[in-house]
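Inside the fold
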Amino acid sequence: MTPETSTRGATPANADGYATVMRRAIELSLNGPAHDANPRVGCVVLDAHGTVIAEGWHRGAGTPHAEVDALSQLSPAQVRGATFVVTLEPCNHTGRTGPCADELLAAGVARVVFGLSDPGDVEGGGGDKLRAAGIEVVAGVGADDVMAVVRDWYDSAALGRAVVTIKWASSLDGRAAANDGTSQWISGERARERVHQQRSEHDAIAVGTSTVLADNPSLTARMPNGELYAHQPIPVVIGEREVTGERLNSHPRETIYLRTRDLRRALSDLRERGIHSLYVEGGPTLASAFIEAGLADRFYIFLAPVLLGGQKLAVTDIGVSTLSERIDLRVDSTELLGADILITARPASEPAQTHRKEA
Ligand SMILES: NC(=O)c1ccc[n+]([C@@H]2O[C@H](COP(=O)([O-])OP(=O)(O)OC[C@H]3O[C@@H](n4cnc5c(N)ncnc54)[C@H](OP(=O)(O)O)[C@@H]3O)[C@@H](O)[C@H]2O)c1
C-alpha cells in the first residue's frame, strides 16, 4: 500500500467524513512493520476546509510517530487550525521520542480525531491532555477497524505481558504422541501448512527445554515450497536447564533462552523486548503450565482422526481436580483441513487486565 492512493481533496464535514478519513489513516498505518515493539499507526491531516494536506505513518520503534511524521510535512501556518485524524490516541509519554500530545499542542492544532484509546497506564491520557488544553477531541472513530490492525499490541499493553496462543496437535483421543514417544506427523499436510502460517503471524514462538532436547526443532516458519516466510518469529526456549538447540543456532533470529519457570515473568520480559504475541508449541508440560497459570489467551487445537491411547496426553495437569474447577473455552471456529479438524478457541472468562485504563 502506498500513500499515492490518497484521499487528498476529500471534504469531510461530519462524523461520516471522519470515518472515511479514518479508513485512509488505517491504510496508511499498514505501511508500518507488522511485528514491532510499537503499533502500526497512520495519520491524515485536514485543513479548515476539510482538505487533506498531509499523511503520515509510523515506521517502527525509534522513528517518529505518525502524527509527528505528518507534522514534519507542514508549515506552522498550515498546522494552526488543522484537524489531525489518527488511528491511535496521541501518546502522552516520553519514550524513544517525545509525547505526541505535547507536539500537537505546541503546534496549535484545532481538532484531534482518533480511533482507539491507548490502553497503557503510562502512554495513555493524550486525549484528556489535549481536551484539557481546549482542543476539540473526537474519540472512537473506526475503533473496531483500528483494533483489527493492532490487536496483539493492544492486548499485550492492556495485560502487561505478551499475548499467548497455545497450539497443539493431537489424536482425537487427546494424545500428543504414541506411548513410545513418537509424535511426528500426527496431523496431515494442510494442518502442518497452517501451523507454519500461524507461526509467521506471531512475534515469537516458544517451546520447553524438553522439546529442544527431544526434537532439536528448527522453529522456522516455512511455506509449502520450503521457502521461509518474510517474518520469522523469534524462537524462545523456556526452562531452567541449560540447553542449546543445534538447529536453533541456524535460525534467522537469535534464540531467547529464558532460564525460568515463572511464566508470568517470562511474558513480561518478552513484552519489554517488544514481543507482543507468543505462539506456544509445547510440549505438553509447558503448554499445561501456561493453562494452569491462566496465561493462555487463544487456542489452536489440531485434531487428527486417529486414536493413540496410552499415556502421552496433549495436556497434562492444569490444576483441575474436580469438574467444578474445569476451564471453560469458547469456540470461535472449527475448520476441516484435509482430514484434520482445527478448533480455534479462547477461555470463556477474560484474563485479568493489569494495565487497562477505565474507558
Ligand atoms: N504434538 C505436539 O504438538 C508436540 C509439540 C511439541 C512437543 N511435542 C513433544 O513433547 C515432548 C516434550 O514435552 P514435555 O512435556 O516432556 O516437555 P516440554 O513441555 O517441552 O518442556 C518441559 C520443561 O519446560 C520447562 N518449564 C518452563 N516453565 C515451566 C513451568 N512453569 N512448569 C513446568 N515446566 C516448565 C521445564 O524445564 P526445566 O526442567 O529446564 O526447568 C520443563 O522440564 C517431546 O517428545 C516432543 O516431541 C509434541
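Residues numbered from 1 in each chain as written. Predicted model: local features only at pLDDT ≥ 70, side-chain atom pairs only at ≥ 80, totals over all residues. Heavy atoms only, no water.

**Things to note about the overall build of the chain**
The helix and strand inventory of the chain stands at 10 helices and 13 strands. Each principal axis of the C-alpha atoms in the chain carries an extent, and together these give about 75 × 45 × 35 Å. Out of the 359 residues belonging to the chain, those deemed buried represent 48%. Summed over its atoms, the accessible surface of the chain is roughly 17000 Å², and 49% of this surface lies on carbon and sulfur atoms. Averaged over its 35 positive side-chain charges, the chain has a centre that lies 2 Å from the centre of its 46 negative ones. (Helix = DSSP H or I, 4+ residues; strand = E, 2+ residues; numbered from the N terminus. Buried < 20%, exposed > 50% of the residue type's maximum accessible area, 1.4 Å probe, protein only. Areas by Shrake-Rupley, 256 points an atom, 1.4 Å probe, with all protein chains shown as cover. Lys, Arg positive; Asp, Glu negative; His and termini not counted. Charge placed at Lys NZ, Arg CZ, Asp CG, Glu CD.)

**Quick look at the site of the ligand**
Around the ligand, a shell composed of 24 residues is seen, among which Thr 211, Asp 215, Glu 240, Arg 241 and Thr 285 lie nearest. The separation between an oxygen atom of the ligand and a polar main-chain atom of Ser 210 is 3.4 Å. Within the backbone of Pro 284, a nitrogen or oxygen atom sits 3.4 Å from an oxygen atom of the ligand. Starting from 940 Å² of accessible surface for the ligand in isolation, the protein chains cover 82%. For the shell around the ligand, the secondary structure elements donating two or more residues are strand E6 (163-171), helix H8 (209-215) and helix H10 (284-292). (Near = heavy atom within 4 Å. Polar contact = N/O pair within 3.5 Å; in protein donor to acceptor, adjacent residues only side chain to side chain.)

**Some points on the confidence of the model for the chain**
This prediction gives the chain a mean pLDDT of 91; 92% of its residues lie at or above 70. The model gives residues 1-13 a pLDDT under 50, and that stretch makes 34 contacts with residues more than four places away or in other chains. (pLDDT = per-residue confidence, 0-100. Contact = heavy atoms within 4.5 Å.)

**Examining the side chain of Asp 36**
Take Asp 36: it is sitting in the loop between helix H1 (15-29) and strand E1 (42-46). Of the polar contacts made by the side chain of Asp 36, one reaches the backbone nitrogen of Asn 38; its length is 2.9 Å. Each residue touching Asp 36, except ones within four places of it in the same chain, is listed here: Gly 60, Ala 61, Gly 274 and His 276.

**Quick notes on the sheet that holds strand E13 (residues 340-347)**
Overall, mixed pairing links the eight strands, which are arranged E9-E8-E7-E10-E6-E11-E13-E12 in an open sheet. In this open sheet, the two edge strands, each paired with only one partner strand, are strand E9 (256-258) and strand E12 (329-337). The average angle at which neighbouring strand axes cross in this sheet is 20°, direction not considered. Bridge count for E6 against strand E10 (residues 277-280) is four bridges, and the pairing is parallel. Opposite Ile 166, over in E10, you have Val 280 as the bridge partner. (Pairing = 2+ DSSP bridges. Axes fitted to C-alpha atoms, helices over the stretch in contact; angles between N-to-C directions.)

**So, the pattern of salt bridges**
Here the structure, examined in full by the defined rule, presents 15 salt bridges. For Arg 24, the salt bridge goes to Glu 27, with nearest N and O atoms at 2.6 Å. With Arg 24 and Glu 27 both in helix H1 and three residues apart, this pair spans about one turn of that helix. Close ionic contact of Glu 281 with Arg 199 constitutes a salt bridge, the shortest N to O distance being 2.4 Å. Residue Glu 281 is found in the loop between E10 and H10, and its partner Arg 199 is found in helix H7 (residues 189-200); the two are separated by 82 residues along the sequence. Under the relative-accessibility criterion, Glu 281 is labelled buried at 16%. In this structure, a network of salt bridges that share partners links the residues Arg 24, Glu 27 and Glu 55. (Salt bridge = Lys/Arg side-chain N within 4 Å of Asp/Glu carboxyl O.)

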